[in-house]
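Spelled out from the first residue to the last, the chains are:
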Amino acid sequence: MNEEKRKILDMLAQGKITVDEADRLLAAIGADTPGTPAGASGRPAWKYLRVQIEPGPGSESGDRVNIRVPYKLIKAGLKFASFIPREAQIKVNEALREKGMDFDLSKISFGDLEEIVANLDDMTVEVDGQDKVRIFCE
Amino acid sequence: MVPLVMRLMVRPKQGRGFNLWLPVILIWVLVAALLLLLLPFVLLAALLTWRSGPGKGLLLIYPLMGGVLWNLAGLHVEVTSEESEILFDFR
């Protein structure tokens, strides 16, 4: 805990400031307050997206994959989403609708994507099949 | 930060492989020179297609590519199969 954060919490404990004032001060110094969602301060709680594939017990192949993608690279790559042609978006929407998902890609803005990616810190996907697939953030 | 070094390793299970540490900063210089050479053509294409739509997108390509290249540091891909092991890592 840094010095400024400690002082604010001390003042709160001594009753010199209210909870709201402490919250505002903590936000001003850039400290994440409890309950603040990851990414709300502009910094995600994770640095890398990891994808690991390992052979499962019944797997015939011994293939292993270990990928680490920096958050900043994903964020930079997301900006290319604006290059998806309108025709491709329509086709994707139709394919999703066929699968029962009424979803419109054009309604997702870059800000929405960025927010989703920034809040992936608690996400872990584990698939146990012939191969063990694990996707998580660290 | 822009990656300065890339490690590329290919190690077959049989035979000799290689393990290279490439100073990618030199590649970025070449890429920058190439992009600079292509800039007049990109600007011309953007101007010609401005009304029909893709012109604005063409102008964005340079900063977007710069953003991707700048943030490649930390990318690590490692694939191991029964025949070989391939790794590339930007630092």
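All chains use their own residue numbering, which begins from 1 and follows the written sequence. Key to labels: chains lettered from A, ligands numbered from 1, both in the order written. This being a predicted model, a pLDDT of at least 70 is required before a residue's local features are given, and a value of 80 or more before pairs of side-chain atoms are given or counted; all residues contribute to the totals for chains, interfaces and linings. Hydrogens and water are ignored here; the side-chain numbers use all heavy atoms of the structure.

Caption draft 1: Seen up close, the overall build of chain B. A tally of regular secondary structure across chain B gives 2 helices and 4 strands. The secondary structure elements of chain B, listed N-terminal to C-terminal, are β-β-α-α-β-β. Under the scheme applied here, a residue whose accessible area is under 20% of the maximum for its type counts as buried, over 50% as exposed, and between as partly exposed, the area being computed with a 1.4 Å probe on protein chains only. Within the span of chain B, comprising 91 residues, buried residues form 30% of the whole. Contacts are assigned to residue pairs that have any heavy atoms within 4.5 Å of one another. Partitioning the contacts of chain B with sequence separation of at least 6, the portion at a separation of at least 24 is 46%. For chain B, the computed accessible surface area is about 6,100 Å², with 75% contributed by carbon and sulfur atoms. Secondary structure follows DSSP: runs of H or I at least 4 residues long count as helices, runs of E at least 2 residues long count as strands, and numbering of each begins at the N terminus. Only the protein chains shown count as cover for residues, with accessible areas throughout obtained via the Shrake-Rupley method and a probe of 1.4 Å.

Caption draft 2: Geometry of the overall build of chain A. From N to C terminus, chain A includes 5 helices and 4 strands. Counted from the first residue to the last, chain A has its helices and strands arranged as α-α-β-β-α-α-α-β-β. Taken over 138 residues, chain A has a buried fraction of 22%. Across chain A, the fraction of contacts at a sequence separation of at least 24, relative to all contacts at a separation of at least 6, is 50%. About 9,600 Å² of surface is accessible on chain A, with carbon and sulfur atoms providing 53% of the total.

Caption draft 3: View of the sheet that holds strand β2 (residues 64-70) of chain A. Note on pairing: DSSP must find at least two bridges between two strands before they are called paired. If you walk across this open sheet you meet the 8 strands as β3(A)-β4(A)-β1(A)-β2(A)-β3(B)-β4(B)-β1(B)-β2(B), and the pairing is antiparallel. The sheet is open, and its two borders are formed by β3 (124-128) of chain A together with β2 (18-22) of chain B, each paired with just one other strand. Across the sheet, the mean angle separating the axes of adjacent strands is 5° when strand polarity is ignored. Only C-alpha atoms enter the line fits that serve as axes; for helices the fit covers just the stretch in contact. Angles between N-to-C directions range over 0 to 180 degrees. Most of the contacts of helix α3 (residues 71-78) of chain A go to β2(A), to which it runs at about 75°, and overall it touches β1 (48-55) and β2 of chain A.

Caption draft 4: Quick peek at the interface of chain A and chain B. On the side of chain B, 21 residues touch chain A, which itself brings 19 residues to the contact. Together, A:R68, A:L73 and A:F83 form the three largest contributors to the area buried by chain A at its contact with chain B, with a combined 33%. Think of a salt bridge as a Lys or Arg side-chain nitrogen and an Asp or Glu carboxyl oxygen that are within 4 Å of each other. Between the two partners, chain A and chain B, sit 1 salt bridge. Its salt-bridge partner being B:D89, residue A:R68 comes within 3.8 Å of it at the nearest N-O pair. Pairs of N or O atoms within 3.5 Å make up the polar contacts considered here, provided that, within protein, one atom can donate a hydrogen while the other can accept it, and that residues adjacent in sequence are counted only when both atoms are side-chain atoms. One can count 5 residue pairs in polar contact (both at pLDDT 80 or more) joining chain A with chain B. Buried area: the accessible surface (1.4 Å probe) lost by two parts on joining, summed over both.

Caption draft 5: View of the packing of α3(A) against helix α5 (residues 110-118) of chain A. Residues and elements named next belong to chain A. Closest axis-to-axis distance for the α3/α5 pair is 10 Å, and the angle between their directions is 160°. In this view, α3 runs roughly antiparallel relative to α5, as classed from their interaxial angle. For the pair α3 and α5, the crossing hand works out as right-handed. Together, Y71, I74, K75 and L78 of α3 and F110, L113, E114, V117 and A118 of α5 make up the contact between the two elements. Side-chain classes follow a simple rule in which Ala, Val, Leu, Ile, Met, Phe, Trp, Tyr, Cys and Pro form the nonpolar group, Asp, Glu, Lys and Arg form the charged group, and the remainder, Gly included, forms the polar group. Grouping the constituent residues of the contact of α3 with α5 by class yields 7 nonpolar, no polar and 2 charged. Angle categories are assigned with fixed cut-offs, so that under 35 degrees is roughly parallel, over 145 is roughly antiparallel, 65 to 115 is roughly perpendicular, and the rest are oblique. Should the near helix be turned anticlockwise from the far one by less than a right angle, the crossing is left-handed, and should it be turned clockwise, the crossing is right-handed.

Caption draft 6: Inspection of the nonpolar core at higher detail. Put simply, buried Ala, Val, Leu, Ile, Met, Phe, Trp, Tyr and Cys residues joined by side-chain atoms within 4.5 Å make one nonpolar core. In terms of nonpolar packing, the biggest core is built from 19 residues, with A:W46, A:I74, A:V117, B:L72, B:L75 and B:F90 touching the most fellow members. When contributions to this core are tallied by element, the ones reaching two or more residues are α3 and α5 of chain A together with α1 (24-48) of chain B. No other element matches the 4 residues that α3(A) contributes to this core.

Caption draft 7: Seen up close, a nonpolar patch on the surface. Residue and element names in this part refer to chain B. Patches here are clusters of residues that have more than 30% relative accessible area and form no salt bridge, with a 9 Å joining cutoff for like charges and a 5 Å cutoff for nonpolar side chains (Val, Leu, Ile, Met, Phe, Trp, Tyr). On the surface, a cluster of nonpolar side chains totalling about 400 Å² of accessible area is made up of M1, L4, I25 and L26. Topologically, M1 is positioned in the segment before β1 (6-12). By relative accessible area, M1 is classed as exposed at 61%.

Caption draft 8: Seen up close, the pairing of strand β3 (residues 76-80) of chain B. With 4 of 5 residues buried, β3(B) lies mostly within the body of the structure. Sheet topology places β2(A) next to β3(B); 5 bridges connect them, and they run antiparallel. Bridging across to β3(B), A:R68 finds its partner in B:H76. With 5 bridges joining them, β3(B) and strand β4 (residues 84-90) of chain B adopt antiparallel strand pairing. By the bridge assignment for β4(B), B:T80 is matched with B:E85. Two successive antiparallel strands, β3(B) and β4(B), enclose a turn made up of 3 residues.

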